[in-house]
Amino acid sequence: MLDKTIATILVSAIAFVVVYALTPALIKTLEKRKLVVKDYNKVGGTMVARPGGPSILAGILASEIVLYAFYSSTDVLAIILTTFFAFLVGLADDRRVLGGWFKPLALAASAIPIILLGTYDPHLAFPLFGHVRIPELYVALVIFMIPITGNTVNSIDVLNGVASGFMTIASFALTISLFIVHHYDIAIASLPLGFVSLAFYKYHKFPSKIFPGDSGALTLGAMYGAIAIVGHVEIIAAVALLPAVINSFLFLSSVKRIIEHRQLKSNPVEHTEDFKLKATADKDAPVTLVRLIVANRPMTEKEVGFTIFKLALFSAALAIITAFMMDVHI
Amino acid sequence: MSAPIYVYVSIMWIMIVAGGGLLVTIISPIHIHGFGKFDEFLDSGVKAAIAVTLVVLWIFIMSKAKNWIFHKRIRN
């Protein structure tokens, strides 16, 4: 019990401190190398450093490697490898824009360590009704899950602080849920995700000093997916991610194909004269979560961010309720 | 007001729980016999096909719910 408490405190502290301390240096380095992009939601288009993925990965690797030194768990090893491979895919996308289908396929390959190390259980657990054993289908689910969670988190990375703030809420909801369903070791392994997101939020929040980029968003999303599989909490994880899932769903059902946001011909939101966000009148523009949020009235970027966080808190509460429902059978 | 989005999240959650119930109580107990060594393969294949159909149905229902809940907002 004592070593678990020590491990919990240690991995949480390492994850937070590494990202908190490393990100300012990363911002300086990126700015010096002119690796900056325009923030289109600011008057005049401020230039912001990108990508923040390297500091996010450093926090995750440092904390998870320490955890691996404690327990030598193949579950932790699978999380480390899957997250690292997803980071490489994201970094390649940050450097050179990858095609619409290439990224999901490369992310699917990131899930291979989970399959090779056998760190999954082919039982899909549902609240109230128990579980279903789907050996063949589950392998396909593992392969699909990482691209889905990776791209879902990436798709919510649209405004200052949203991706990191959203992931902080969703990750801690997942950790609490893992404790509720008594998967204590994976719950400890999931803590770095929440603390890394929280530390990165400090620099990503409005007005952003750094953007996570694809390397950051895919790293967070892939780690989230890997924890969901290894911790056997796939359904709970999906519930905690619902606002981001809805964003992807709305986007895909309006554009009807897999494309990057940057390939869009018309934007879902526009700016008012005082630089608030308002829904576009363009009928060809995709429907997104942000477009729905600002449909009634124009809002500042900060207001939209907090509205998304409230939605994240709501789905986090649903996820925790779902975790409690796992022990109830009708 | 983001009330319709909360309603949509809640509908999605209910559909996930209900879909799980359908999978566990109706589809999971289905067993195929009489095809010898192909029994297990057919069993998995049929269950997978039903599961995929359910997912497609789930997407269809959520798409209809999206149009129903957000129709006015999107049109405006």
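Residues numbered from 1 in each chain as written. Chains lettered and ligands numbered in written order. Predicted model: local features only at pLDDT ≥ 70, side-chain atom pairs only at ≥ 80, totals over all residues. Heavy atoms only, no water.

Peer 1: Just checking my understanding: could you explain the overall build of chain B for this structure?
Peer 2: A tally of helices and strands in chain B yields two helices and zero strands. Taking 76 residues into account, the globule formula puts the C-alpha radius of gyration at 11 Å, and chain B, at 18 Å, lies well above it. Across its three principal directions, the C-alpha atoms of chain B cover 60 × 20 × 10 Å. At a minimum sequence separation of 6, the contacts of chain B that also span at least 24 residues come to 65%. When the accessible area of chain B is evaluated, it comes to approximately 4700 Å², of which 74% is carbon and sulfur surface. (Helix = DSSP H or I, 4+ residues; strand = E, 2+ residues; numbered from the N terminus. Rg over C-alpha atoms; globule rule 2.2 N^0.38 Å. Contact = heavy atoms within 4.5 Å. Areas by Shrake-Rupley, 256 points an atom, 1.4 Å probe, with all protein chains shown as cover.)

Peer 1: Looking at this structure, I do not really get the nonpolar core. What am I missing?
Peer 2: With 113 residues, the main nonpolar core has Tyr224, Val304 and Ile308 of chain A together with Tyr8 of chain B as its most contacted residues. The residues touching isoleucine 308 of chain A, leaving out its near neighbours within four places in the chain, are Ile156, Val162, Phe166, Leu289, Val290 and Ile293 of chain A. (Core = buried A, V, L, I, M, F, W, Y, C linked by side-chain atoms within 4.5 Å. Buried < 20%, exposed > 50% of the residue type's maximum accessible area, 1.4 Å probe, protein only.)

Peer 1: Got a minute to help me understand the interface of chain A and chain B in this structure?
Peer 2: Across the contact, 33 residues belong to chain A and 27 residues belong to chain B. For the chain A and chain B pair, buried surface summed over both sides reaches about 2800 Å², with 80% attributable to carbon and sulfur atoms. Taken together, the links from chain A to chain B amount to zero salt bridges. On inspection of chain A and its partner chain B, the count reaches one residue pair in polar contact (both at pLDDT 80 or more). (Buried area = accessible area lost by both parts, 1.4 Å probe. Salt bridge = Lys/Arg side-chain N within 4 Å of Asp/Glu carboxyl O. Polar contact = N/O pair within 3.5 Å; in protein donor to acceptor, adjacent residues only side chain to side chain.)

Peer 1: Would you explain the environment of isoleucine 79 of chain A in this entry?
Peer 2: Residues and elements named next belong to chain A. Position of isoleucine 79 among the secondary structure elements: in helix H3 (residues 74-95). Overall, isoleucine 79 belongs to the buried group, its relative accessible area being 0%. Residues isoleucine 79 and glycine 225, spaced 146 residues apart in sequence, show a C-alpha to C-alpha distance of 9.0 Å. Filtering out sequence-adjacent residues up to four positions away, isoleucine 79 remains in contact with Ala189, Met223, Ala226, Ile227 and Val230.

Peer 1: What exactly am I supposed to notice about the packing of helix H2 (residues 53-71) of chain A against H3 of chain A here?
Peer 2: Packed helices, taken two at a time, are described by their axes: the angle between them and the distance between them. Residue and element names in this part refer to chain A. Packing of H2 against H3 leaves a shortest axis separation of 10 Å and a crossing angle of 165°. When the interaxial angle is binned, H2 and H3 end up roughly antiparallel. Where H2 crosses over H3, the handedness of that crossing is left-handed. Between H2 and H3, the contacting residues are Gly53, Pro54, Leu57, Ile60, Leu61, Glu64, Ile65, Leu67 and Tyr68 on the first element and Val76, Leu77, Ile80, Thr83, Phe84 and Phe87 on the second. (Axes fitted to C-alpha atoms, helices over the stretch in contact; angles between N-to-C directions. Parallel < 35°, antiparallel > 145°, perpendicular 65-115°, else oblique. Left-handed = near helix turned anticlockwise from the far one by under 90°.)

Peer 1: How do you make sense of a positive patch on the surface when you look at a structure like this?
Peer 2: Residues and elements named next belong to chain A. A contiguous patch of positive charge on the surface is contributed by Lys202, Lys205, Lys209 and Lys302. The residue lysine 202 is located in helix H8 (residues 184-204) in this model. Among the residues examined, lysine 202 registers a relative accessible area of 33% and is labelled partly exposed. (Patch = residues over 30% accessible without salt bridge, like charges linked within 9 Å, V, L, I, M, F, W, Y side chains within 5 Å. Lys, Arg positive; Asp, Glu negative; His and termini not counted. Charge placed at Lys NZ, Arg CZ, Asp CG, Glu CD.)

Peer 1: I tried to follow unusual backbone geometry on my own but got confused; where do I start?
Peer 2: Leave glycine aside and you will find that most residues have negative phi; peptide bonds, for their part, are mostly trans. Residue and element names in this part refer to chain A. Here arginine 50 and proline 51 are connected by a cis peptide whose omega angle stands at 10°. Tracing the backbone shows proline 51 in the loop between strand E2 (47-49) and H2. The amide bond that connects phenylalanine 206 to the next residue, proline 207, takes the cis arrangement and shows omega of -10°. Assignment of secondary structure puts proline 207 in the loop between H8 and helix H9 (213-230). Positive phi, normally seen in glycine, also occurs at histidine 182, with a value near 65°. As for its position among the elements, histidine 182 is in the loop between helix H7 (162-180) and H8. Phi angles above zero are rare outside glycine, and phenylalanine 275 is one such case at about 60°.

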